[in-house]
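Examination of the molecular architecture
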Amino acid sequence: MRLLALVSTAALIASVSAHATFQQLWINGVDAGSSCVRAPTSNSPIDNALSNDLACNVAGSSSGVCSINAGDEVSVEMHQQNGDRSCKNEAIGGNHYGPVTVYMSKVADAKTAVGSSSDWFKVSESGLVSNNPVYWAVQVLNDNCGHYTFKVPSDLAPGNYLIRAESLALHVAGSVGGAQFYPACYQVNVAGSGTAEPPTVKIPGAFSATDPGILFNLYGSVSAYQIPGPTPYGNAAATVATVAWPTTATWDTSLQPSTVPTVVP
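Values in this document were obtained by computation on a predicted structure and should not be read as measured data. (Residues numbered from 1 in each chain as written. Predicted model: local features only at pLDDT ≥ 70, side-chain atom pairs only at ≥ 80, totals over all residues. Heavy atoms only, no water.)

What follows is about the pattern of salt bridges. A full pass over the atoms with the stated rule returns 5 salt bridges. For E166, the salt bridge identified is with R164, shortest N-O distance 2.4 Å. Classification of R164 by relative accessible area gives buried; the value is 0%. (Salt bridge = Lys/Arg side-chain N within 4 Å of Asp/Glu carboxyl O. Buried < 20%, exposed > 50% of the residue type's maximum accessible area, 1.4 Å probe, protein only.)

Next comes the structure, spelled out in structure tokens:
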């Protein structure tokens, strides 16, 4: 009983000490900085799975629209404090373990589209990356200085899109309403000759507070995990390794800039 209390206390302390936001964008290795992000107004999470803020967070507007091509490699970048890109600090600390997902939405105008009214499709996901020992996508995110890289589906129809990156923290998710969502949206224009318009879901609406990947005991015996939302379009669904996950960064942290570009490249 005392051990459970200690775990609960530690989780509560962690829950208020290491919040974070997705802030910067990279396109094929080119740093677009914060030039096309709808920057969240704080690093606090969204804890209501039915809130309209679940789509793009409580965020300001942006006049920037980043240009990408269908098939490009895009990286989103998360940090605890606005503008702090140091790799000395975890991207999101305090044992905020859980999955990382990326969605996209085709919109008429990326600068004015309302995230909670948009139609979303998932393009990338990572959850429990290994169960021997247990290792989470957020830990991989931290290993890589907050960078999460995905491929834009090569057959997407051209046009304006929103990119929605999200980290879901499960450290206090053992009770309804405990899961912490950290979303942010980027404004992009996709060029290409594709025609694909993938099946979509609404956010909020794609999942609920009692879904098995949202109402979840992080401190129990974990061998599998169901990532919330639909399966990704254009990229493989996440799998769980049964051997130790490598902790060496795949992102070259020596290339991490200290400044933040604010002009669309």
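Turning next to the sheet that holds strand β5 (residues 73-79). The strands making up a sheet are joined through hydrogen bonds of the backbone, oriented either antiparallel or parallel. Here we have 4 strands laid out as an open sheet, ordered β2-β1-β5-β10, and antiparallel in their pairing. Strand pairing shows two members of the sheet lacking a second neighbour, β2 (30-33) and β10 (147-151), which therefore form its edges. Recorded for the sheet is a direction-independent mean angle of 30 degrees between the axes of neighbouring strands. Pairing of β5 with β10, which is carried by 5 bridges, proceeds in the antiparallel orientation. In the sheet register, E73 faces β10, and the bridge partner there is K151. (Pairing = 2+ DSSP bridges. Helix = DSSP H or I, 4+ residues; strand = E, 2+ residues; numbered from the N terminus. Axes fitted to C-alpha atoms, helices over the stretch in contact; angles between N-to-C directions.)

It is worth spelling out the state of the cysteines at this point. Within this structure, the stated rule accounts for 3 disulfides. Between the sulfur of C56 and that of C185 lies a disulfide, 2.1 Å long from S to S. The sign of the S-S torsion, about -85 degrees, decides the handedness of the disulfide formed by C56 and C185: left-handed. With a gap of 129 residues between them, C56 in helix α2 (residues 53-56) and C185 in strand β12 (residues 180-191) connect regions that are remote in the sequence. Given the relative accessible area of 7%, C56 is considered buried. Once the disulfide-bonded cysteines of the chain are ranked by sequence position, their pairing pattern turns out to be 1-3, 2-6, 4-5. (Disulfide = S-S within 2.5 Å.)

So, on to the pairing of strand β8 (residues 128-131). When β8 meets strand β9 (residues 134-136), the two strands line up antiparallel, connected through 3 bridges. Each bridged residue has a counterpart across the sheet, and for S130 the counterpart in β9 is Y135. Connecting β8 to the next strand, β9, in antiparallel fashion are 2 residues.

Scope: geometric values only; no functional claims are made or implied.
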